[in-house]
Every structure is written in C-alpha cells, then in structure tokens.
Amino acid sequence: MKIMLAAPELHPDDLGSNQRQMLATMEQPAREGADLLLFGEASLPGFDALSFDYAKDIRKVLSLHSPEIAVMQEAACHHAVAVGFGFFENYLGGIYSSYLILDQQGRVADLYRRVSPGWKEARACADYREGLSFHSFSLSDRKLSGRKFATLICGDLWEDKLLSAICALDSEVDAFFWPVHVDIAVKDWEENNTDYSAADNISCSAYAHQSSLLAKPVLFINNFLSDPGRAKGGLYHWEKGRAVAHKPMGRPDFLMTEL
C-alpha cells in the first residue's frame, strides 16, 4: 500500500485557511496513486487554536458531526483517498486532542483521542481531557483491508508509563501513525545528540531512537508553519529507528512511502 505523509503550510488558529490547504493537498495523492494521506497533529484548526478559556474554546472545537468534518468526508470520497488529520474535538462537552481517519468512502474508520497530557496548558480546567487507551483499527478499502494500524499523538511515545500499553499493540498492527507538532529550529533537529536520556534532546536522532522501541514501522508527520521558531515539517518512515524514507525539516513537503 502507498501512503503519503503531508506537511503543507498551515496557520495557527485558522481553520478555514488550513482546511482549504488540506483539501488542495488531497488532489496530489489522488494523482499519484496513494491509498492513504496523513497530516500532522491538530492540523485542521492549527495547533494554537485553543486559548484554554473553556467558555471560548467550547464554541470553536468540532464534533464528529460538524460541517467542517463533513467537508473532509466529502473530499475523501470524491478523491477516493483515505485521510487522517488532527483536530480539537468536542465530545459530550469535553475537549480532546483527537486524530480522525476517514476511509476512501469518507466514512469514519477510526477516532483516537490523545492519551498523554502534554497538549494542554497547566491552567486548563478538567474539561480538557485525555483519551483512556490505545487501540488498533483497520480500513475496509480494498488495498488496505487485512492491515491494522494504531495512532499515537506526539507525546504519547515519550511517556514511560504509557509504553507498555503501546508496545502491547506491536504484535497486532502493521504500522504506527505518529502525527506531531514539534516546534524546533532545523539546526537543533538535525543535531546528532545521542544522549537519549536528556529531557531537552528534541532532535531527529532522539525521535528515531524512540520509534525503535517499536518493532513495526512508525510514520512521523510534523506540521509546517512559516512563523519563525515554529514547526518546520519533517516527514519520516522509520523502521527500528532507521529511516527507510524521509523528507527533512525546513519546507512544506510530501513523502510517498510504501508498506
């Protein structure tokens, strides 16, 4: 199966602009024969979409039945391309950092709610919530049927207390999807710092090493923002910590890879 990882130029807290960019991006995998297109963490609204003032945020976050989600479903069906993207979800009044996978008919194939708490500010009230567990899922599309996947969002793979639950999925999935939002200078990302125990080691080598905790392939998708000091893309297909394919940080880009 062919999977396209995408880091188009997105904008903080600009759902309309981001959605237009993502819809335009969906034309490319359709042309190039990709079966699945994956965007980064909170890619639809933009990573900075929340103020952590609940009264304001609850009016702007999306439910699965929001018109903006329906637009993505229609596009997936129109292009016959399965697609995954991050968004901030309103579920029964709770706000979650979620990742949605739509199949090639635009149907919901999977909804994952981030389990690690690092996406929210310390002052966030209890209505900003985390998911409770990790799970695997499959897609019913012809080329994708019979394969199973699991989604992790950004800090999930860095929380020691979560690793046993994540590793328990290793034997049943074919690959892990790892959408992230990593704000780091390109030169720091490329620094070959092998002190993986250092908490401040936010580098490509550190993320690759962390992915090596899993036996199955890990597909890493970082957002791209033009603002200085913000996420600068970076798309990787790692297998046991080795890059099978990648596009480096520094510009909006796409990576076609195969499983």
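Residues numbered from 1 in each chain as written. Predicted model: local features only at pLDDT ≥ 70, side-chain atom pairs only at ≥ 80, totals over all residues. Heavy atoms only, no water.

Enquirer: I would appreciate a short explanation of the environment of Lys 161 in the present structure.
Expert: With respect to the helices and strands, the residue Lys 161 is situated in the loop between strand S8 (148-151) and helix H5 (163-167). With a relative accessible area of 68%, Lys 161 lands in the exposed category. For Lys 161 and Ala 185, which are 24 residues apart along the polypeptide, the C-alpha to C-alpha distance reads 29 Å. (Helix = DSSP H or I, 4+ residues; strand = E, 2+ residues; numbered from the N terminus. Buried < 20%, exposed > 50% of the residue type's maximum accessible area, 1.4 Å probe, protein only.)

Enquirer: I tried to follow unusual backbone geometry on my own but got confused; where do I start?
Expert: With glycine set apart, most residues show a phi of negative sign, and most peptide bonds adopt trans. Its identity is not glycine, yet Ala 80 carries a phi of approximately 55°, on the positive side. Positionally, Ala 80 belongs in the loop between helix H4 (67-79) and strand S4 (82-91). With relative accessibility at 40%, the residue Ala 80 sits in the partly exposed group. One non-glycine residue with positive phi stands out, namely Leu 92, at about 55°.

Enquirer: Explanation requested: helix H7 (residues 204-211) in the structure shown.
Expert: Owing to its 3.6 residues per turn, the α-helix aligns residues three or four sequence positions apart on the same side. In terms of residue burial, H7 counts as a mostly covered element, since seven of its eight residues are buried. Where H7 is concerned, the buried positions are Cys 204, Ser 205, Ala 206, Tyr 207, Ala 208, Gln 210 and Ser 211. Those residues of H7 that are buried lie in contact with strand S9 (175-180), helix H6 (186-190), strand S10 (218-222) and strand S12 (235-239). (Contact = heavy atoms within 4.5 Å.)

Enquirer: Before we go on, may I ask you to explain the pattern of salt bridges in this structure?
Expert: Two side chains with opposite charge may pair up if their charged atoms get near one another. Applying the stated rule across the entire model yields 13 salt bridges. Close ionic contact of Arg 114 with Glu 41 constitutes a salt bridge, the shortest N to O distance being 2.7 Å. Remark: Glu 41 occurs in the loop between strand S3 (36-38) and helix H3 (54-57) and Arg 114 occurs in the loop between strand S6 (108-113) and strand S7 (137-138); sequence separation between them is 73 residues. With relative accessibility at 4%, the residue Arg 114 sits in the buried group. (Salt bridge = Lys/Arg side-chain N within 4 Å of Asp/Glu carboxyl O.)

Enquirer: What am I meant to see in the packing of helix H1 (residues 15-25) against H4 here?
Expert: Angle between the axes and distance between the axes are the two parameters that describe a pair of packed helices. Across the interface, H1 lies against H4 with an axial gap of 11 Å and an inter-helix angle of 10°. Taken together, H1 and H4 sit at an angle that is classed as roughly parallel. Between H1, through Leu 15, Gln 19, Met 22 and Leu 23, and H4, the contact on the second element is made entirely by Glu 68, Val 71, Met 72, Ala 75 and His 79. Taken together, the residues of the contact of H1 with H4 break down into six nonpolar, two polar and one charged. (Axes fitted to C-alpha atoms, helices over the stretch in contact; angles between N-to-C directions. Parallel < 35°, antiparallel > 145°, perpendicular 65-115°, else oblique. Nonpolar A, V, L, I, M, F, W, Y, C, P; charged D, E, K, R; others polar.)

Enquirer: Would you mind showing me how to read the packing of aromatic side chains here?
Expert: What describes a pair of aromatic rings is the distance from one ring centre to the other and the angle between the planes of the rings. All told, the structure shown has 22 aromatic pairs when counted by the stated rule. Relative to Phe 220, the ring of Trp 178 lies with its centre 5.7 Å away and its plane at 80°, an arrangement referred to as edge-to-face. With Trp 178 in strand S9 and Phe 220 in strand S10, this pair connects stretches of sequence that are 42 residues apart. Each member of the pair, Trp 178 as well as Phe 220, carries the same accessibility label: buried. Counting every residue linked through ring pairs, the aromatic cluster contains Trp 158, Trp 178, Trp 189, Tyr 207, Phe 220, Tyr 236 and Trp 238. Looking at Arg 113, its charged tip hangs above the ring of Tyr 91, at a distance of 4.1 Å from the centre. Above the ring of Phe 224, the side-chain terminus of Lys 232 is found at 5.5 Å from the ring centroid. (Phe/Tyr/Trp six-rings, centres within 6.5 Å; stacked < 30°, edge-to-face > 60°. Lys NZ or Arg CZ within 6 Å of the ring centre and 35° of its normal.)

Enquirer: Got a minute to help me understand the sheet that holds S4 in this structure?
Expert: Read from one edge to the other, the open sheet built from six strands follows the order S6-S5-S4-S3-S1-S14, with strand pairing classed as mixed. The sheet is open, and its two borders are formed by S6 and strand S14 (253-258), each paired with just one other strand. Averaged over all neighbouring strand pairs, the angle between strand axes comes to 30°, with direction disregarded. Note: strand S1 (residues 2-7) against S14, six bridges, orientation antiparallel. Residue pairing for S14: Met 4 is matched across the bridge by Met 256. (Pairing = 2+ DSSP bridges.)

Enquirer: What is the right way to read the nonpolar core from this model?
Expert: It is characteristic of soluble globular proteins that their nonpolar side chains tend to be buried jointly. Ranked by internal contacts, the top residues of the largest apolar core, which has 49 residues, are Leu 38, Phe 176, Phe 177, Trp 178, Trp 189 and Phe 220. When residues of this core are assigned to their parent elements, the largest contribution, five residues, is made by S9. The residues contacting Phe 176, other than those within four sequence positions of it, are Ala 150, Leu 152, Ile 166, Leu 169, Asp 170, Leu 214, Lys 216, Pro 217, Val 218 and Leu 219. Grouped together as the second largest cluster of nonpolar side chains are 21 residues, Ala 6, Ala 34, Ala 75 and Val 81 included. (Core = buried A, V, L, I, M, F, W, Y, C linked by side-chain atoms within 4.5 Å.)

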